[in-house]
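# Structure at a glance
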Amino acid sequence: MIRFDRVSKRYPNGRDALREISLQVEPGEFVFLTGRSGAGKSSILKLIGLLERPTRGTVTVNGQDTASLPARAIPAYRRRLGMVFQDHQLLMDRPVYDNVALPLVVADAPFRDIDKRVRAALDQVGLLEQVRALPSELSVGEQQRVGIARAVVGKPVVLIADEPTGNLDRGLALDVMRLFRRFQEVGVTVVVATHDLSLVEEFGQRSIHIDDGKVSA
Amino acid sequence: MISPATWTTRHLQALVAALGRLLRRPLGALLTTLVIAVALALPAGLWLLVQNARSATGDLATAVQVSAFLKVGTSVERAQVIATAVRGQPDIATVTLITAEQGLKEFRERSSFGKALEALESNPLPHTLVIQPTTVQRDAAALERLRGTLAGFPEVEIVQADAEWAQRLAALFAVLRTLFLASAVLFGLGVLAVIGNTTRIEIAARLPEIAVTKLVGGSDAFIRRPFLYSGLFHGLLGGLLALGLLAALLASLEAPVARLVSLYGGQFRLAGLAGEEMLALVLAGALLGLVGAWVGAARQIARVTPQP
């Protein structure tokens, strides 16, 4: 479960990204965060991923108050999350296999497990034939799917995605969303930030609309 | 819990990756290694200078000896009693009694005055006590105390402790030793700075990769690992290269030193580092490399914040 309790976030430049926001996402739920650019959707995801800390309020993820986590515990916390970004955040000089294996390697997973799980994740996103390719040799949509494979290879309990379809055409965007729904069906909590309302309508999942750092009705 | 096999494999991977990066930019690696080698070779060369100078001067620096000449006419028995009493003093290594007869015999054998000595009616030489103090008794104040003790025996006529030149030589070696230690510390700091800076540059070039690794849960320790191996390699290779530089220096000095020694009719030969000293130099290089990399990497990696 993800719970925000009167959470505010002010950045060092003085901008208030979130203003006393409260929301809750149940375990295994698929939720869209919608709103225009700069509304505060990405800040919510950053707080979940502990890429930022709240200025005020409490963020609880899987029963863990993130404010109480010391810096040394953050890597282990992040390994239980899957994160997907609009710009993929791939290592461009490493093959697809290495990119997808990275979360398992940093978790010191045994080699046999890594190979099995990387191939399974790539199979899920339809890129098993591209294990040796460099990301630069792939299309934008394929790169996004590598990012998704990397996000789910560690079997996370929560998957967060920030505008994962921003650079994709309609068909690829739908493919990506179907992938997310498949993960949700096996129990993963999925939170997707998007400004594409047509996707939200098409998938019919609960959506939380964010406007100027607040949840709007 | 990570298994030993996985742990070993992860470290081997980091090690191979560090070695690979080193080989991908051979000129940069060579220059860094050369700076480290020179910084290690300089204090090691000074150490060799001290060791060889000590070897060339034998044990002179510590050869402090006190002679007590007894009054002529003192009996051998009394001289033995005095020798025993001096042996009982603190910090005395050895006391040797050379009787007047032994002294005359030795003088006769070693000098060319044999026939002249036979003309003497009586032995003019006194009994002599040759006293070797322990190392703690070799400073000027301790020798003065010893001289006072010996002079307290009424049978002792003269006490001779002419150790000034030996003490000067010992002081010179002490200065050189201090110079060696100071240069070792300074050049060691230099090695730390070089490797620390090299590591910082490497990290700066790989910031995006580090940020992504943190994003997927990579700990600082995991990210630091290849940089530590890189520092270790630089230090290790620097140590080995320093050995090579010292060997070349010794080889170039061998002929001129041999010529100098032959002019003085001596037997001295330049000595290189002993096996354990070589090992210490290489290990010092490796350790400095590791610590330098740690210093350069720790804070910089901790400061990297993943930014999606």
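These remarks concern the structure in this document. Note that the structure is predicted; figures quoted are calculated from it, not measured.

Right, let's talk about the overall build of chain A for a bit. Within chain A, the secondary structure is distributed over 7 helices and 10 strands. Along the first, second and third principal axes, the C-alpha set of chain A runs to 45 × 40 × 35 Å. In chain A, buried positions account for 53% of the 217 residues. A distance of 6 Å separates the average location of the 30 positive side-chain charges in chain A from that of its 27 negative side-chain charges.

Turning our eyes to something else, we now look at the interface of chain B and chain A. Every contact between the two is made by 21 residues of chain B and, on the other side, 22 residues of chain A. Taken together, the two surfaces of chain B and chain A that pack against each other cover about 1,900 Å², and 63% of this comes from carbon and sulfur. For Asp108(A), the salt bridge is made with Arg10(B), and the minimal N-O distance between the two is 3.4 Å. Inspection of the region where chain B meets chain A yields 6 residue pairs in polar contact (both at pLDDT 80 or more). Elements with a contribution of two residues or more to the side of chain B that touches chain A: helix 1 (4–24), helix 8 (207–215) and helix 9 (220–263) of chain B. A total of 5 residues in the side of chain B that touches chain A trace back to one element, the largest contributor, which is helix 8 of chain B. Among the residues forming the side of chain B that touches chain A, the class breakdown is 7 nonpolar, 9 polar and 5 charged.

With that settled, the discussion passes to the sheet that holds strand 4 (residues 156–160) of chain B. All names here are of chain B. With antiparallel pairing, 4 strands are arranged side by side in an open sheet as 2-3-1-4. A single partner strand is all that each edge strand has here, and the edge strands are strand 2 (92–98) and strand 4. Strand-to-strand twist in this sheet, taken as the mean axis angle between neighbours without regard to direction, amounts to 20 degrees. Across 6 bridges, the pairing between strand 2 and strand 3 (residues 128–133) is antiparallel. By the bridge assignment for strand 3, Thr94 is matched with Gln132. Sheet contacts for helix 3 (residues 76–87): strand 1 (66–70), strand 2 and strand 3; angle to strand 2, the most-contacted strand, approximately 170 degrees.

Next up on the list: the nonpolar core. All names here are of chain A. Grouped together as the largest cluster of nonpolar side chains are 56 residues, with contacts concentrated most on Val100, Val118, Leu122, Leu159 and Phe180. The dominant element in this core, judged by the number of residues it contributes, is helix 3 (residues 96–106), at 8 residues. Beyond its immediate stretch of four places on either side in the chain, Leu122 contacts Val96, Val100, Leu127, Leu128, Val131 and Ala149. In this structure, Phe4, Ile48, Leu81 and Ile210 belong to the second largest nonpolar core, which totals 31 residues.

A few words now on the packing of helix 8 of chain B against helix 9 of chain B. Residues and elements named next belong to chain B. Where helix 8 meets helix 9, the axes come as close as 10 Å, and the angle between the chain directions of the two elements is 145 degrees. Seen from above, helix 8 lies across helix 9 with right-handed handedness. In this structure, helix 8 contributes Ile210, Thr213 and Lys214 to the contact, and helix 9 contributes Asp220, Phe222, Ile223 and Phe227.

This part is about unusual backbone geometry. All names here are of chain A. Within the chain, Leu50 stands out as a residue other than glycine whose phi angle is a positive 55 degrees. Mapped onto the secondary structure, Leu50 falls in the loop between helix 1 (41–48) and strand 4 (56–61). Taking the relative accessible area as the measure of exposure, Leu50 reaches 4% and is therefore buried. Of note, Glu163 is a non-glycine position whose phi angle comes to about 45 degrees, a positive value. Take Glu163: it is sitting in the loop between strand 7 (158–162) and helix 6 (170–185).

Our focus in this paragraph is the pattern of salt bridges. Following the criterion strictly, the structure yields 18 salt bridges over all chains and no others. Taking the shortest distance from any N to any O, the salt bridge between Lys41(A) and Glu163(A) comes out at 3.8 Å. Linking Lys41(A) in helix 1 with Glu163(A) in the loop between strand 7 and helix 6, this pair joins segments that are 122 residues apart in sequence. Per residue, the accessibility class of Lys41(A) equals that of Glu163(A), and both read buried. For the salt bridge of Arg78(B) with Glu155(B), the shortest nitrogen-to-oxygen distance reads 2.6 Å. Here Arg78(B) is found in helix 3, whereas its partner Glu155(B) is found in the loop between helix 6 (140–151) and strand 4, with 77 residues between them in sequence. Residue classification places Glu155(B) among the buried residues on the basis of a relative accessible area of 16%. Overlapping salt bridges, with partners in common, bring together Arg94(A), Arg206(B) and Glu209(B) in one network.

Conventions we followed
- Residues numbered from 1 in each chain as written.
- Chains lettered and ligands numbered in written order.
- Predicted model: local features only at pLDDT ≥ 70, side-chain atom pairs only at ≥ 80, totals over all residues.
- Heavy atoms only, no water.
- Helix = DSSP H or I, 4+ residues; strand = E, 2+ residues; numbered from the N terminus.
- Buried < 20%, exposed > 50% of the residue type's maximum accessible area, 1.4 Å probe, protein only.
- Lys, Arg positive; Asp, Glu negative; His and termini not counted.
- Charge placed at Lys NZ, Arg CZ, Asp CG, Glu CD.
- Contact = heavy atoms within 4.5 Å.
- Buried area = accessible area lost by both parts, 1.4 Å probe.
- Salt bridge = Lys/Arg side-chain N within 4 Å of Asp/Glu carboxyl O.
- Polar contact = N/O pair within 3.5 Å; in protein donor to acceptor, adjacent residues only side chain to side chain.
- Nonpolar A, V, L, I, M, F, W, Y, C, P; charged D, E, K, R; others polar.
- Pairing = 2+ DSSP bridges.
- Axes fitted to C-alpha atoms, helices over the stretch in contact; angles between N-to-C directions.
- Core = buried A, V, L, I, M, F, W, Y, C linked by side-chain atoms within 4.5 Å.
- Left-handed = near helix turned anticlockwise from the far one by under 90°.

All we've got here are geometric facts, nothing functional implied.
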